[in-house]
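These are the residues of each chain, in order.
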Amino acid sequence: MIITNLKRASVFTTITLLAISGLSSCGSKDKGKEAADQQTDSIPALAVVPLQKGILSSELKMPGELTPYQQVDLYAKVSSFVKKVYVDVGSEVKQGQLLISMEAPEINSQLAEAKSKIATQQAIYMASKANYDRLFETSKTPGTISGNDLDQAAARKNSDQSQLEAAKAAYQAVAANLSYLNIRAPFDAVVSARNTNPGAYVGPTGKGSDMPLLVLQQQKRLRLVISVPEAYSGILKQKNKVSFTVRSMPGQKFQATVNRMAGSLDIRLRSERLEMDVYNNDKTLLPGMYAEVSMDMPAKDSTFIVPRTALVMSTEKVFVIRVVDNKAEWVDVQKGREADGKVEIYGDLKPGDEIITAANDEIRDGEPVRKRKK
């Protein structure tokens, strides 16, 4: 009876030990799984986007300036006194119209003197020519005139002829100065500045030449001038359409077309000068106005486009983070154009690569990551 009880106690003890061992084993497995789950949860879950090619169309906005299509500052060519001014600020003038007349009495005296010299030289030349003609006719009879005398007469005649031509040229120079006393408009324009009055002494030098007598601007046709940064200079072409606004008319848009391109970059600004013709027949726009210019800039070829937040621009490099085998991989790229929260990138990438959409340099290269479940 005692032996039987001992056997029962032994069996019970064994069963108890096995149960405790099983429970301990189950507890260890649960703890290991829980630890693994905790370790997996500690890996950041990040949103990714598959890399795709596309065409990014952007709008370039930049300041511009409206300038006259033609502008000229008019000065006095000769020293003189202003006799009459026929126009004022704001006057519209036509090409060839008389604007200012001046007077210089000494020019009239110089003209009379030059005319007198022409008459004197004309008489001298006629006398030497007649003498030469006489000697030449006489020399036809052998032995009457020596060859030396004939040569001297010819030289004298030619010298007097040259003196006559010089006198005529001097007269033309004085006559030209006389024509400079009338200042005329070189093209259709508007007088934008006037700095003289009748009786003023003007000339090519001295106090009277500090400022132009008149400033003419062609205002019915203007130039819209902009400087395009180097990054965009290869995209724009002649005949591209642009729109612009000015501050004085904020609700109104104006159109223009690219007509002229410099073809080179300004070495100081690293930009290319572009000019557009703006027809302004009603003179709504004024020279000197600043404009806000908008230009559509479609891409030529498709390239990789990612959200702006996927691009990391550190002090050392520009890169995106690609997820490969649940690990982060930094990929160096070059940044292209940017528009509407998206940016072009160029680098060692291929379509379908999974790129982290909200990247930063705290996600280290080679660090384990989890792709966020959708």
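Summarised in this report is the structure supplied together with it. (Residues numbered from 1 in each chain as written. Predicted model: local features only at pLDDT ≥ 70, side-chain atom pairs only at ≥ 80, totals over all residues. Heavy atoms only, no water.)

### Observations concerning the packing of helix α2 (residues 105-138) against helix α3 (residues 147-179)
Filter applied, for reference: Convention adopted: a line fitted to C-alpha atoms gives each axis, helices being fitted over their contacting stretch, and angles between N-to-C directions are expressed from 0 to 180 degrees. Helix and strand labels come from DSSP, where a helix needs a run of H or I of at least four residues and a strand needs a run of E of at least two; each type is numbered from the N terminus. For classification, angles of less than 35 degrees are called roughly parallel, those exceeding 145 degrees roughly antiparallel, those between 65 and 115 degrees roughly perpendicular, and all remaining angles oblique. Working rule for handedness: look at the near helix, and if it is turned counterclockwise from the far one by less than a right angle, call the crossing left-handed; if clockwise, right-handed. Residues were grouped as follows: Ala, Val, Leu, Ile, Met, Phe, Trp, Tyr, Cys and Pro as nonpolar; Asp, Glu, Lys and Arg as charged; and all remaining residues, including Gly, as polar.
Packing of α2 against α3 leaves a shortest axis separation of 8 Å and a crossing angle of 160°. Of the possible angle classes, the one that applies to α2 and α3 is roughly antiparallel. For the pair α2 and α3, the sense of crossing is left-handed. For the contact of α2 with α3, the class distribution of residues is 19 nonpolar, 9 polar and 8 charged.

### Observations concerning the packing of aromatic side chains
Operational definition: Any Phe, Tyr or Trp ring, taking Trp's six-membered ring, that has another such ring centre within 6.5 Å forms a pair; planes under 30 degrees apart are called stacked, those over 60 apart edge-to-face, and the others tilted. Exposure is judged per residue with a 1.4 Å probe applied to protein chains only, and the accessible area is read against the type maximum: over 50% gives exposed, under 20% gives buried, and values in between give partly exposed. The criterion for a charge sitting over a ring is simple: Lys NZ or Arg CZ within 6 Å of the ring centre, and within 35 degrees of the ring normal.
Taken as a whole and assessed by the stated rule, the structure comprises 4 aromatic pairs. Here F244 and F254 contribute two aromatic rings whose centre-to-centre distance is 5.4 Å and whose plane-to-plane angle is 20°, an arrangement assigned as stacked. Highlighted residues: F244 in strand β14 (residues 241-246) and F254 in strand β15 (residues 249-265), separated in sequence by 10 residues. Both residues of the pair, F244 and F254, count as buried. Residues F319 and W330 carry aromatic rings whose centres are separated by 4.2 Å and whose planes lie at 20° to one another, so their mutual orientation is stacked. Of this pair, F319 sits in strand β20 (residues 318-324) while W330 sits in strand β21 (residues 327-339), and the two are 11 residues apart along the sequence. Over the ring of F304 we find K53, and its NZ or CZ is 5.4 Å from the ring centre.

### Quick notes on the side chain of S80
Worth spelling out the cut-off: Should any heavy atoms of two residues lie within 4.5 Å, those residues are counted as being in contact.
For S80, the location among the structural elements is in strand β6 (residues 80-85). A residue is classified by how much of its surface remains accessible, and S80, at 2% relative accessible area, is buried. Those residues in contact with S80, other than ones at most four positions away along the chain, are M102, E103, A104, L181, A200, Y201 and V202.

### Quick word on the side chain of K157
Which entries qualify depends on this criterion: Under the counting rule used here, the positive set is Lys and Arg, the negative set is Asp and Glu, and His together with the chain ends is not counted. What counts as a salt bridge is simple: a side-chain nitrogen of Lys or Arg found within 4 Å of a carboxyl oxygen of Asp or Glu.
Mapped onto the fold, K157 is located in helix α3. For the buried K157, no salt bridge exists, and the shortest N-O distance to an oppositely charged side chain is 6.0 Å, to D133. What K157 contacts, discounting residues up to four positions off in sequence, is Y125, S128, K129 and Y132.

### Examining α3
Owing to its 3.6 residues per turn, the α-helix brings residues three or four apart onto one side. Going by this rule: One less than the residue count of a helix, multiplied by 1.5 Å, gives the span that helix is expected to have.
Given a rise of 1.5 Å per residue, 33 residues ought to cover 48 Å, and the 48 Å separating the end C-alpha atoms of α3 matches this to within 8%. Inspection of α3 places L150, A153, A154, K157, D160, L164, A167 and V174 among the buried residues, and these make up the whole buried set. Buried residues along α3 sit against α2.

### A word on the environment of M211
Checked against the element boundaries, M211 lands in the loop between β11 (201-202) and β12 (214-217). For the pair formed by M211 and L74, sequence separation is 137 residues and the distance between their alpha carbons is 9.0 Å.

### Focus: the sheet that holds strand β8 (residues 98-103)
Threshold: Any two strands with at least two DSSP bridges between them are considered paired.
Strand order in this open sheet of 4 strands is β9-β8-β6-β11, and the pairing throughout is antiparallel. Lying at the two open borders of the sheet, with one neighbouring strand each, are β9 (182-184) and β11. Bridging between β8 and β9 involves 3 bridges; their strand directions are antiparallel. Following the sheet pairing, I100 is matched in β9 by I183.

### Some thoughts on the sheet that holds strand β7 (residues 92-93)
One open sheet accounts for 4 strands, arranged β5-β12-β10-β7; its pairing is antiparallel. Sheet topology places β5 (71-74) and β7 at the edges, where each strand pairs with a single neighbour. Strand direction decides the pairing type here: strand β10 (residues 189-194) and β12, joined by 4 bridges, are antiparallel. Residue pairing in the sheet places A193 in a bridge with V215 of β12.

### Some thoughts on the pattern of salt bridges
Considering all chains together, one arrives at 17 salt bridges under this definition. A salt bridge links K283 to E92, with the nearest nitrogen and oxygen atoms 2.8 Å apart. Taken together, the residues span a long stretch of sequence, with K283 in the loop between β16 (271-279) and β17 (290-297) and E92 in strand β7 at a distance of 191 residues. Residues participating in the shared-partner salt-bridge network are R221, R223, R260, R273, E275 and D277.

### Overview of the environment of K157
Judged by its relative accessible area of 16%, K157 is buried. Distance in space between the C-alpha atoms of K157 and N131 is 8.4 Å, their sequence separation being 26 residues.

### Details of the pairing of β16
Of all the 9 residues making up β16, 7 are buried; the element is thus mostly covered by neighbouring parts of the structure. As judged from the 9 bridges shared by strand β13 (residues 221-229) and β16, these two strands associate in the antiparallel manner. Among the inter-strand pairings, P229 is bridged to a residue of β16, identified as S271. Sheet topology places β15 next to β16; 5 bridges connect them, and they run antiparallel. Looking at β16, one finds that T257 is bridged to D277.

This is a description of form; function is not addressed.
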